[in-house]
Amino acid sequence: MSGKTILWVSCGAATLGALAFVFGQRIVSGKSEPPAQRILLRAEAGKFNGSNPTLEVRRGVPVEITVRNDEPGGIPHDFALVGLDLKTPKALQPGEPATLRFTPSRPGEFAYTCTLHPGLMDGRLVVRP
Ligand SMILES: [Cu+2]
């Protein structure tokens, strides 16, 4: 496989991951309530969604991040948004989900991680203005 092909394959996988997982918007009936920005992160094979994707959300719009441990073999994971002081209440055992809800009040970039596997499950959350 040439270097060019490898690059194309990894770009394709990253794009698919971003499309599949970053935005799942819910339609609500009331005009005053903005739709929540819903994100599903599956912890599997020591990564979130296969590639620790950059998550993009908008300031002032509620966010729901559901983290599910899909790791076979009894390895626990958690999820923390560094700098936003948000974390799953405990380590998640295989098959266990947890949902974090918050409304970002300022734009910026924040690191996310699994505190049990630092350096392996690290990514970024970007809050757009
Ligand atoms: Cu982990």
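Residues numbered from 1 in each chain as written. Predicted model: local features only at pLDDT ≥ 70, side-chain atom pairs only at ≥ 80, totals over all residues. Heavy atoms only, no water.

Trainee: Would you mind showing me how to read the coordination of the copper ion here?
Mentor: For a metal bound by four donors in a tetrahedral arrangement, the ideal donor-metal-donor angle is 109.5 degrees, while six donors in an octahedral arrangement ideally sit at 90 or 180 degrees. Those protein atoms acting as donors to the copper ion are His77 (ND1), Cys114 (SG), His117 (ND1) and Met121 (SD), and they sit at 2.0 to 2.6 Å. In this structure, the copper ion is surrounded by four donor atoms whose angles at the metal cover 89 to 132°, and the resulting shape is tetrahedral. Sequence positions of the donors to the copper ion reduce to the motif H-x36-C-x2-H-x3-M. For histidine 117, a relative accessible area of 22% translates into the label partly exposed. (Donors = N, O, S within 2.8 Å, 3.2 Å for Na, K, Ca; no water. Tetrahedral: all angles 85-135°; square planar, octahedral: opposite > 155°, others 65-115°. Buried < 20%, exposed > 50% of the residue type's maximum accessible area, 1.4 Å probe, protein only.)

Trainee: Just checking my understanding: could you explain the sheet that holds strand β9 (residues 108–113) for this structure?
Mentor: In a beta sheet, neighbouring strands are held together by backbone hydrogen bonds and run either parallel or antiparallel to one another. As summarised here, the arrangement of the five strands in space is β4-β10-β9-β6-β7, forming an open sheet in which the pairing is mixed. Bordering the open sheet on either side are β4 (55–58) and β7 (86–87), each of which pairs with just one other strand. In terms of strand pairing, strand β6 (residues 80–81) meets β9 through two bridges, oriented antiparallel. Within β9, the residue paired with leucine 81 across the bridge is tyrosine 112. (Pairing = 2+ DSSP bridges. Helix = DSSP H or I, 4+ residues; strand = E, 2+ residues; numbered from the N terminus.)

Trainee: What should I look at first to understand the side chain of glutamate 71 in this one?
Mentor: Among the structural elements, glutamate 71 can be located in the loop between β5 (63–69) and β6. Buried and unpaired, glutamate 71 has no salt bridge, with arginine 42 as the nearest side chain of opposite charge at 9.4 Å. Not counting residues up to four positions away in its chain, the partners in contact with glutamate 71 are Ala43, Glu44, Ala45, Gly46, His77 and Pro94. (Lys, Arg positive; Asp, Glu negative; His and termini not counted. Salt bridge = Lys/Arg side-chain N within 4 Å of Asp/Glu carboxyl O. Contact = heavy atoms within 4.5 Å.)

Trainee: Explanation requested: the pattern of salt bridges in the structure shown.
Mentor: Close approach of charged atoms allows side chains with opposite charge to pair. Taken as a whole and assessed by the stated rule, the structure comprises nine salt bridges. Where glutamate 64 meets arginine 38, a salt bridge forms, and the shortest distance between an N and an O atom there is 3.4 Å. Of this pair, glutamate 64 sits in strand β5 while arginine 38 sits in strand β2 (residues 37–44), and the two are 26 residues apart along the sequence. A residue is classified by how much of its surface remains accessible, and glutamate 64, at 13% relative accessible area, is buried. Between arginine 42 and aspartate 70 there is a salt bridge; the shortest N-O distance is 2.6 Å. Of this pair, arginine 42 sits in strand β2 while aspartate 70 sits in the loop between β5 and β6; the two residues are 28 residues apart in sequence, bridging distant segments of the chain. Owing to a relative accessible area of 25%, arginine 42 belongs among the partly exposed residues under this scheme. Connected via shared salt-bridge partners are Arg42, Glu44, Arg68 and Asp70.

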